[in-house]
Amino acid sequence: MTRVAVLAGTGSAVPARVVTNEQLAGRMDTSDDWIRSRTGIAERRMVEPGTATSDLAVAAGRRALRSAGLHRVGAVVVATATPDYQCPATGPIVAAGLGLGEIPAFDVGAVCSGFLYALATGSGLIASGVAEQVLVVGAEAFTTIIDPTDRNTAPLFGDGAGAVVLRAGDPEEPGALLGLNLGSDGLLADLIMVPAGGSRQRSHGNVAAPEDHYFTMRGREVFKHAVRRMEESSRTVLEQVGWQLAEVDWLVAHQANIRILHAVADQLRLPRERAVANLDRYGNTSAASIPLALDEAAGRGLFTPGDRILLTAFGAGATWGAAALTWPDLSNGPDLGNGPALSNGPGLSSAWELAAAAMVGPAQL
Ligand code: UT7
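Strand order in the open sheet made by the six strands is β5-β4-β6-β7-β1-β14, with mixed pairing throughout. A strand with exactly one partner marks an edge of an open sheet, and here the two such strands are β5 (105-108) and β14 (348-349). On the sheet, helix α10 (residues 289-299) packs against β1 (4-15), β6 (133-140) and β7 (160-169) and is oriented at approximately 90 degrees with respect to β1.

Shown next as structure tokens:
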């Protein structure tokens with residue numbers, strides 16, 4: 001029988017600190033109306049000084065392990081563009097933080113497509129027999145690379161983490177990851193970039209200008225590439241797994257902009273209400289956005305076991321991808337986060353608990 005990766009648990013965590021559009025409008029030339037109407041974002045989360053990506057990743061990972069009913073996994077893969085350090089990778093720090101022992105743990109860098117790349121990596125570790133279970137985390141302290149006064153980027157991005165546990169299983173099981181499509185075009189590397197801090201800048205031996213350490217993006221161009229690549233990648237993966245578009249129950253796409261989400265849904269002729277959206281509350285959390293959206297939607301009881309789920313993302317690189325899976329029967333239920341071993345650490349909350357408290361209805365999804 002074919003051995004595939006099966007989703008066995010989900011978890012997420014976001015910093016408690018909320019930054020509203022009004023707060024941003026107080027320090028740059030923008031407005032709540034512009035941000036909401038052009039992006040769909042109302043607020044985002046921001047780490048407190050001293051909180052790093054691995055703190056968010058550990059909190060989300062702990063919840064995912066609990067949701068899967070596991071204390072151990074065979075490997076940890078962390079997708080992030082904001083690692084704790086340039087060296088070492090964040091994966092081993094997360095594995096140690098979770099008390100997982102001396103298992104393989106490493107990072108995958110594909111920025112906003114990072115979770116799909118990490119999912120492919122985790123699935124490969126299972127298919128090859130390297131691991132029976134893999135914790136796949138997308139985590140970002142993205143605001144740490146954002147110029148807090150730049151109206152082109154500060155309204156868009158936020159911090160958070162989402163995680164899933166994959167285990168070895170068979171393709172007929174609910175939760176099976178049935179297909180993946182990934183792509184990249186490095187000719188578009190300068191579309192989205194942090195110019196300084198890497199070997200390109202450091203090899204010159206000059207100290208970089210402070211602003212070169214911040215994230216830059218040519219938003220309008222990215223928008224067009226994002227819609228086209230997510231549509232194409234989605235169609236490719238659906239063909240690969242033999243699903244008709246009409247058979248897709250939920251589209252869980254990278255949460256960059258509500259206009260992008262709607263454009264992708266429209267291109268795929270999927271009803272917009274089938275496109276899961278939580279970017280109004282978290283903005284673009286880069287590699288964290290898909291697992292955060294999955295965990296939050298699961299916590300709200302949106303998915304039924306067996307539902308056909310299409311994931312897709314586009315990000316810096318340029319990179320893109322799509323995945324097709326069925327929703328698992330997470331019989332333990334979503335992680336309520338109230339176990340004594342699950343202390344969130346300072347200032348971290350479960351995203352789905354917050355959503356439940358806000359009583360967000362399906363119309364707002
Ligand atoms: O996660 C990786 C993938 N990232 C994305 O997918 C992001 C993709 N891009 C986008 O989401 C959108 O392009 C943005 C949200 C970044 C920008 O929206 P847009 O509708 O493409 O706006 P624009 O860049 O065409 O700018 C329209 C106007 C400009 O003014 P003029 O030239 O028309 O006078 C901008 O200067 O809006 C201005 N503007 C703003 N105004 C108020 C740009 N940012 C702001 C702002 N507040 N924050």
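Moving on to the site of the ligand. What surrounds the ligand is a group of 22 residues, the closest being Thr-30, Arg-38, Arg-220, Asn-257 and Asn-284. At 2.8 Å from an oxygen atom of the ligand is found a side-chain nitrogen or oxygen belonging to Asn-257. Mapped by element, the contributors of at least two residues to the shell around the ligand are α2 (32-39), α7 (219-241) and α8 (258-267). When residues in the shell around the ligand are grouped by element, the largest group, four residues, is from α7. When the residues that make up the shell around the ligand are grouped by side-chain class, the tally is ten nonpolar, seven polar and five charged.

In the structure shown here, the tally under the stated rule is 15 salt bridges. Among the salt bridges present, the one from Arg-218 reaches Asp-190, with a minimum N-O distance of 3.8 Å. On the criterion of sequence distance, the pair formed by Arg-218 in the loop between β10 (216-217) and α7 and Asp-190 in the loop between β8 (177-184) and β9 (192-193) is long-range, its members being 28 residues apart. Classification of Asp-190 by relative accessible area gives partly exposed; the value is 43%. Two residues, Arg-235 and Glu-231, come together in a salt bridge whose shortest N-O distance is 2.8 Å. Of the two residues, Arg-235 and Glu-231 both sit in helix α7, four residues apart, roughly one turn of that helix. Since its relative accessible area comes to 33%, Arg-235 is described here as partly exposed. Overall, Glu-231 belongs to the buried group, its relative accessible area being 16%. Look at the salt bridges and you will find they share partners, linking Asp-280, Arg-281, Glu-296 and Arg-300 into a network.

For the rest of this paragraph, the subject is the sheet that holds strand β11 (residues 250-253). Consider a sheet: its strands pair through backbone hydrogen bonds, and that pairing is either parallel or antiparallel. Overall, mixed pairing links the four strands, which are arranged β8-β13-β12-β11 in an open sheet. Edge positions in the sheet fall to β8 and β11, since each has one partner strand and no second. Here the strands of the sheet are splayed against their neighbours by 15 degrees on average, with no regard to which way each runs. Alignment of strand β12 (residues 308-315) against strand β13 (residues 319-326), held across eight bridges, turns out to be antiparallel. Directly across from Leu-311, in β13, lies its bridge partner Ala-323.

Calculation rules
Residues numbered from 1 in each chain as written. Predicted model: local features only at pLDDT ≥ 70, side-chain atom pairs only at ≥ 80, totals over all residues. Heavy atoms only, no water. Pairing = 2+ DSSP bridges. Helix = DSSP H or I, 4+ residues; strand = E, 2+ residues; numbered from the N terminus. Contact = heavy atoms within 4.5 Å. Axes fitted to C-alpha atoms, helices over the stretch in contact; angles between N-to-C directions. Near = heavy atom within 4 Å. Polar contact = N/O pair within 3.5 Å; in protein donor to acceptor, adjacent residues only side chain to side chain. Nonpolar A, V, L, I, M, F, W, Y, C, P; charged D, E, K, R; others polar. Salt bridge = Lys/Arg side-chain N within 4 Å of Asp/Glu carboxyl O. Buried < 20%, exposed > 50% of the residue type's maximum accessible area, 1.4 Å probe, protein only.

Everything listed is a geometric property; what it means functionally is a separate question.
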